[in-house]
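# A look at the structure
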Amino acid sequence: MKAIFFKSSPSPTRMTPPASPLHLTFSESLMEENIEAAELIITKWDSSSDNHSSSSNASLFSDDNREEAKQYLSSVKGLQKAMQYLVSHQASSEMLVRAQALMQTAMKRLEKEFYQIFKSFRFYLDPESFSAHSSSSRPSASRSSFSDLEEDESENESRAENDSIPGAQRVSLAAVEDLRAIAEAMIKAGYAKECIKIYKIIRKSFVDEALHGLGVDRTLNLQKVQKMDWEVLEVKIRNWLHAVKVAVKTMFPGERILSDQVFSISPAMGESCFVEISKEGALALFEFPENVAKCKKTPEKMFRFLDLYEAVSNLWPEVESMFNSESTSTLRSTAVNSLIKLGDAVRTMLTSFETAIQKDPSKSTVPGGGIHPLTRYVMNYISFLADYTEVLSDIVADWPLTIPSPLPEPFFGSPDNEESISSPVSVRLAWLILLMLCKLDGKAAMYKDVSLSYLFLANNLQYVVGKVRQSNLKILLGDEWVTKHELKVKRYCSNYERMGWSKVLASLPENPTAEIPADQVKDHFRNFNLAFEETYTKQTSWVVPDPGLRDDIKISLARRIVPIYKEFYETYGGMHLRKEMWVESLVRYTPDDLGNYWSDLLNGSGSSGSVSSSSSRGGRSG
């Protein structure tokens, strides 16, 4: 027969006066009243009794039996006082045996009620409803706790507070108050172990089921993760990113608050219950990113690894605060190890990415001098990396960049942005872009036509600048970086124009209005026709994907060529010279015709093939 009694010890500095006969008589009388009162209500709700009433099968803590629940808890309190008196004064009396039996019966009933409340109010006792409010500022529910039984004024205030609480939350708070009252009664009566056992079984089941519902696979160990296809593992990672946020932000805090509230009489018990309930699930959560970090590392996995690192890093303050006991040190170390392993993996992948740029195997040129696949891949990759600046700052902070020589000054940010210049992330991303641009220089040299190689460089650098402008790279690299590379694009374009259209310009006289012999005039028109047609035919297959850059090049070409040709045309090829037979045969294009032809230039269509006298552009037939 189990009984644990809380007995007050006399103060070592004061003598306890002997009880008077009158005091003993009064205590015995009160003791008997307490036992008799307890016996009446405990027997009534004893489902194991042969003569039990129908009420013993109902819920003692239902709304219909609220007053009896108060009386029941009050009777347990009185019974406990009687037992304490008997232990001190009549330890061998039959009345003590009777009281002990009643207490055991009461505890069995309270165990049943404790379990039933959890089951009946399962959907009201979810962590989300508790994580929304702090346990330190918890509203009181309408159901009084064991310690509030004699505080009618407090109860009235509690009822008034409840009028402003939403219905579902009011139900959950009321259920918690009942659980707290039962836990308090059982703990004071020496039945803490039984109470805690029920609590742990029920709440751990709830946590395990919730984690399963969030897609957390508790059986996913290192071996399974390493054998998993990346596409499948990536889905697991996405599920984990959602699950860990819900668990750490809502579920675990809710369980912590619930434990604290139910076991408010003993914070140590509440802490023990919370740890026992959540530790295993939390450990499974934080082992997953560490296992992923041990998988084969390739650049395409980078962003999921960064997502994992960011999630663990962002949630670390909550993890450290919630699981701050010695018994949860393994969990904390697992979360820290996940960060360390993920950081190592990211650094490995950055190194692999750098190596992949340097060893890019493609030897073929891009048709028409367009955007090289390496440019697209690298800049898309780096612009995504720029979205993880804060995470990368942690990872590369103590990881010095090893380069053959200092980065050229243009690859740094603006001098006005000291933070950008000194940022390890900025320097590392600038270095990756520099490696790619150097690689593109080598690919440009593969073009047989030098002017096309310059167009290729202009196109690709324009793409790089556009990606920088449209992403967080602009913040990291700075305005000066952008400005200097835009100027470099213009120089590439200028070189393309100069070398690509040099024959056309050379076919015209230096002074188009100067008086020259007719034979030279014929030669200039003949040479212009040949140079223009050759250049145009060749460049119809060339491409400038950026519409703004394409328009700028066309405008620049028109400014270079059309004014000179127009003056020469008006001087020697105009209508006033129609009497000369050679004018009709050699002057194939008006100044306006040139603009019509240029409208199709650099679109990469290659459809015109050539510009001949039969062209539909409006040129003269000859």
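Okay, so let's go over this structure. (Residues numbered from 1 in each chain as written. Predicted model: local features only at pLDDT ≥ 70, side-chain atom pairs only at ≥ 80, totals over all residues. Heavy atoms only, no water.)

### Quick look at the overall build of the chain
Stated formally: Secondary structure counts use DSSP, requiring at least four H or I residues in a row for a helix and at least two E residues in a row for a strand, with both numbered from the N terminus. Throughout, exposure labels follow a simple rule: accessible area from a 1.4 Å probe, protein chains only, divided by the maximum for the residue type, with under 20% read as buried, over 50% as exposed, and the rest as partly exposed. Note on contacts: a residue pair qualifies if any of its non-hydrogen atoms lie within 4.5 Å across the two residues. Note on areas: Shrake-Rupley, 1.4 Å probe, and residue coverage restricted to the protein chains presented here.
Helix and strand content of the chain: 24 helices and zero strands. A total of 622 residues make up the chain; the buried ones form 47% of that total. The long-range share in the chain, meaning contacts at least 24 apart out of those at least 6 apart in sequence, stands at 81%. For the chain, the accessible area works out to roughly 30400 Å², and carbon and sulfur atoms hold 52% of it.

### Overview of the nonpolar core
Our working rule: Side-chain atoms within 4.5 Å link the members of a nonpolar core, which is a set of buried Ala, Val, Leu, Ile, Met, Phe, Trp, Tyr and Cys residues.
Among the nonpolar cores identified, the biggest contains 174 residues, and Phe 114, Phe 252, Leu 306 and Met 436 are the most heavily contacted of them. Apart from the residues within four sequence positions on either side, Met 436 is in contact with Ile 357, Leu 374, Thr 375, Val 378, Met 379 and Val 464.

### Observations regarding the side chain of Lys 443
Along the chain, Lys 443 falls in helix H16 (residues 424-444). Beyond its immediate stretch of four places on either side in the chain, Lys 443 contacts Asp 360, Ser 362, Thr 365, His 372, Leu 374 and Phe 456.

### Section: helix H17 (residues 450-469)
For an α-helix, the turn length of 3.6 residues means that residues three or four places apart are oriented alike. Heads up, the condition is: A helix's residues, less one, multiplied by 1.5 Å, set its expected span.
An ideal rise of 1.5 Å per residue puts 28 Å on 20 residues; H17 measures up with 29 Å between its terminal C-alpha atoms. Of all 20 residues that make up H17, 16 are buried, and the element is covered over most of its length.

### Overview of helix H9 (residues 230-262)
What counts is decided by this rule: One axis is fitted to the seven residues ending at the residue and one to the seven starting there. The bend at that residue is the angle between these axes.
The first and last C-alpha atoms of H9 sit 44 Å apart over 33 residues, in line with the 48 Å expected at 1.5 Å per residue. At Ala 247, H9 is bent by approximately 45 degrees, the largest bend along its length.

### Looking at the packing of H16 against H17
Spelled out, the test is: The axes are straight lines fitted to the C-alpha atoms, using for helices just the contacting stretch, and the angles between their N-to-C directions are given from 0 to 180°. Working definition: roughly parallel below 35 degrees, roughly antiparallel above 145 degrees, roughly perpendicular at 65 to 115 degrees, and oblique for all remaining angles. Crossing handedness follows the turn of the near helix against the far one: under a right angle anticlockwise gives a left-handed crossing, and clockwise gives a right-handed one.
Running from N to C, H16 and H17 cross one another at 160 degrees; their axes reach a closest spacing of 9 Å. The angle between H16 and H17 places the two elements in the roughly antiparallel class. For the element pair H16 and H17, the recorded crossing hand is right-handed. On H17, the residues touching Ile 433, Met 436, Leu 437, Leu 440, Asp 441, Lys 443 and Ala 444 of H16 are Ser 453, Phe 456, Leu 457, Asn 460, Leu 461 and Val 464.

### Re the pattern of salt bridges
If charged atoms from side chains of opposite charge come close, those side chains can pair. Condition: Salt bridge, as used here, is a side-chain nitrogen of Lys or Arg placed within 4 Å of a carboxyl oxygen of Asp or Glu.
Taken as a whole and assessed by the stated rule, the structure comprises 27 salt bridges. The salt bridge partner of Arg 256 is Glu 271, with a shortest N-O separation of 2.6 Å. In this pair, Arg 256 is assigned in helix H9 and Glu 271 in helix H10 (residues 267-293), connecting sequence segments 15 residues apart. Assessed through its relative accessible area of 18%, Arg 256 is described here as buried. Via salt bridges that share partners, Glu 177, Arg 180, Glu 184 and Lys 188 belong to a single interconnected network.

### Some remarks on the packing of aromatic side chains
The condition that has to hold: Any two of the Phe, Tyr and Trp rings considered here, Trp counted by its six-membered ring, make a pair once their centres fall within 6.5 Å; the pair's planes then place it as stacked at under 30 degrees, edge-to-face at over 60, or tilted in between. Counting as a charge over the ring demands two things of the Lys NZ or Arg CZ atom: a distance within 6 Å of the ring centre and an angle within 35 degrees of the ring normal.
Inspection of the entire model under this criterion finds 28 aromatic pairs. With 6.4 Å between their ring centres and 40 degrees between their planes, Tyr 454 and Tyr 492 make a pair best called tilted. Linking Tyr 454 in helix H17 with Tyr 492 in helix H19 (residues 479-500), this pair joins segments that are 38 residues apart in sequence. Residue Tyr 454 is classed as partly exposed on the basis of its relative accessible area of 22%. For Tyr 492, a relative accessible area of 12% gives the class buried. One aromatic cluster in this structure is built from Trp 501, Phe 528, Phe 532, Tyr 536, Tyr 565, Tyr 569, Tyr 589, Tyr 597 and Trp 598. Taking the ring centre of Phe 206 as reference, the NZ or CZ of Arg 203 above it sits at 4.4 Å.

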